[in-house]
Amino acid sequence: MNTAKRYFIEIAYNGTAYHGWQAQKNAKSVQAVLNLALSTICREAVETLGCGRTDTGVHARQLFAHFDLSGEADVLDPRFLLSFNSLLPYDISAKGIFMVKPDAHARFDATRRSYEYHIHFKKDPFKHNLSWLLRDVPDIKLMNIAAEILQEYTDFSCFSKSNTQTFTNNCSIFNAEWMDNSEGMIFHISADRFLRNMVRAIVGTLMKVGKREIPPEKIRGIIESKDRSNAGESVPACGLYLTEVCYPYEIHPQHLIPPANGKG
């Protein structure tokens with residue numbers, strides 16, 4: 001009989017020093033560091049499964065992963081989180097650990113993911129590796145016209161890396177919008193799922209619109225071509241952040257674990 005319990009862990013990280021989320025041979029990854037720290041403190045082998053991948057140099061303000069424990073480590077004790085964070089490097093933070101149903105899945109249960117892409121226009125040492133420095137300011141109105149067109153489509157093959165082994169290139173984009181801030185601009189985009197390199201390719205294509213190299217309406221032809229070579233270049237990873245992951249249930253310490261008397 002399997003007595004293992006399943007947990008979600010919420011983390012945030014600066015991805016500058018990592019070759020993305022996913023563990024891989026001969027490269028430092030966030031997942032590998034997390035697995036090692038959990039295995040050390042729980043005194044059993046722990047393998048996490050994340051809600052998605054982030055590429056080399058991409059950051060996350062919120063990423064969920066699930067893992068199973070068969071031992072007696074009390075990961076829900078607030079003191080555990082403090083001790084666990086002391087094992088993690090400065091650029092990874094554990095924000096919470098939550099018990100979930102045995103079949104809860106960090107990746108497949110997620111219904112919405114949100115990203116931001118940050119751009120600044122004046123050299124700033126405190127934004128190095130955390131935002132993309134541009135010299136010329138693009139036309140945000142034109143880029144927002146093009147961004148709105150994205151929501152008319154579902155097949156985004158033109159923004160995906162080739163040979164990614166995905167079963168479909170269809171995604172539902174819920175919103176896509178550029179916003180000004182005091183130091184630059186931020187692109188906000190949310191969808192049910194994203195393809196590999198998709199956000200960076202979209203931003204690169206919208207930059208061509210903002211620089212008046214192509215009109216906003218040309219986005220339709222690029223998407224309908226399903227050809228990656230017709231879209232813009234991928235922008236640098238440093239400006240990209242995974243900011244939110246949503247589930248059809250609440251993530252909290254008592255998530256789907258009813259009290260003994262059956263009353264919620």
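Residues numbered from 1 in each chain as written. Predicted model: local features only at pLDDT ≥ 70, side-chain atom pairs only at ≥ 80, totals over all residues. Heavy atoms only, no water.

(A) Broad picture of the state of the cysteines. Applying the stated criterion across every chain yields a total of zero disulfides. Its sulfur unpaired, C246 is 11 Å from the next cysteine sulfur, which belongs to C51. (Disulfide = S-S within 2.5 Å.)

(B) The pairing of strand β7 (residues 173-180), seen in detail. Here β7 runs beside strand β8 (residues 184-191); their pairing, made up of seven bridges, is antiparallel. Looking at β8, one finds that N175 is bridged to S190. What sits between β7 and β8 in their antiparallel hairpin is a turn of three residues. (Pairing = 2+ DSSP bridges. Helix = DSSP H or I, 4+ residues; strand = E, 2+ residues; numbered from the N terminus.)

(C) Looking closely at the nonpolar core. Membership of the largest hydrophobic core comes to 82 residues, with the highest contact counts inside it found for F156, F159, W178 and F187. Among the elements that line this core, the one with the most residues is helix α4 (residues 198-210), at eight residues. In contact with F187, not counting residues within four places along its chain, are Y115, E116, Y117, A147, A176, E177, W178, I202, V203 and L206. (Core = buried A, V, L, I, M, F, W, Y, C linked by side-chain atoms within 4.5 Å. Buried < 20%, exposed > 50% of the residue type's maximum accessible area, 1.4 Å probe, protein only. Contact = heavy atoms within 4.5 Å.)

(D) Fine view of the pattern of salt bridges. Within this structure, the stated rule accounts for 12 salt bridges. Between K95 and E10 there is a salt bridge; the shortest N-O distance is 3.6 Å. Residue K95 is found in strand β4 (residues 92-100), and its partner E10 is found in strand β1 (residues 5-13); the two are separated by 85 residues along the sequence. The exposure class assigned to K95 is partly exposed, which follows from its relative accessible area of 43%. For E10, a relative accessible area of 11% corresponds to the buried category. The partner of E152 in a salt bridge is R220, and the shortest N-O contact between them spans 2.9 Å. One end of the pair, E152, is in the loop between α3 (140-150) and β7; the other, R220, is in helix α5 (residues 218-225), with 68 residues separating them in the sequence. Residue classification places R220 among the partly exposed positions, given a relative accessible area of 29%. (Salt bridge = Lys/Arg side-chain N within 4 Å of Asp/Glu carboxyl O.)

(E) Main features of the environment of A104. Inspection of the secondary structure assignment puts A104 in the loop between β4 and β5 (112-120). In this structure, the C-alpha to C-alpha distance between A104 and R6, residues 98 residues apart in sequence, is 7.7 Å. Those residues in contact with A104 that sit more than four places away from it in its chain are R6, F8, H66, D109 and Y249.

(F) View of the pairing of β1. Counting buried positions along β1 gives eight out of nine residues, so the element sits mostly inside the fold. Sheet analysis places β1 next to strand β3 (residues 59-69), joined by eight bridges and oriented antiparallel. From the neighbouring strand, Y13 faces β3, where its bridge partner is A60. Pairing of β1 with β4, which is carried by eight bridges, proceeds in the antiparallel orientation. Bridge pairing links R6 to V100 in β4.

(G) Region of interest: the side chain of H118. One can find H118 in strand β5. The exposure class of H118 is buried, given its relative accessible area of 15%. Within the structure, the side chain of H118 is placed 2.8 Å from the side chain of E116, a separation counted as a polar contact. In this structure H118 touches R61, L130, S131, W132, M185, I186, G239 and Y241, once residues within four positions along its chain are discounted. (Polar contact = N/O pair within 3.5 Å; in protein donor to acceptor, adjacent residues only side chain to side chain.)

(H) Layout of the packing of α3 against α4. Running from N to C, α3 and α4 cross one another at 135°; their axes reach a closest spacing of 8 Å. As far as their axial angle goes, α4 and α3 are oblique. For α3 against α4, the interelement crossing comes out right-handed. Note on element contacts: α4 touches α3 through I202, L206, M207, V209 and G210, opposite L142, M143, A146, A147 and L150. (Axes fitted to C-alpha atoms, helices over the stretch in contact; angles between N-to-C directions. Parallel < 35°, antiparallel > 145°, perpendicular 65-115°, else oblique. Left-handed = near helix turned anticlockwise from the far one by under 90°.)

Distances and angles like these do not, on their own, reveal function.
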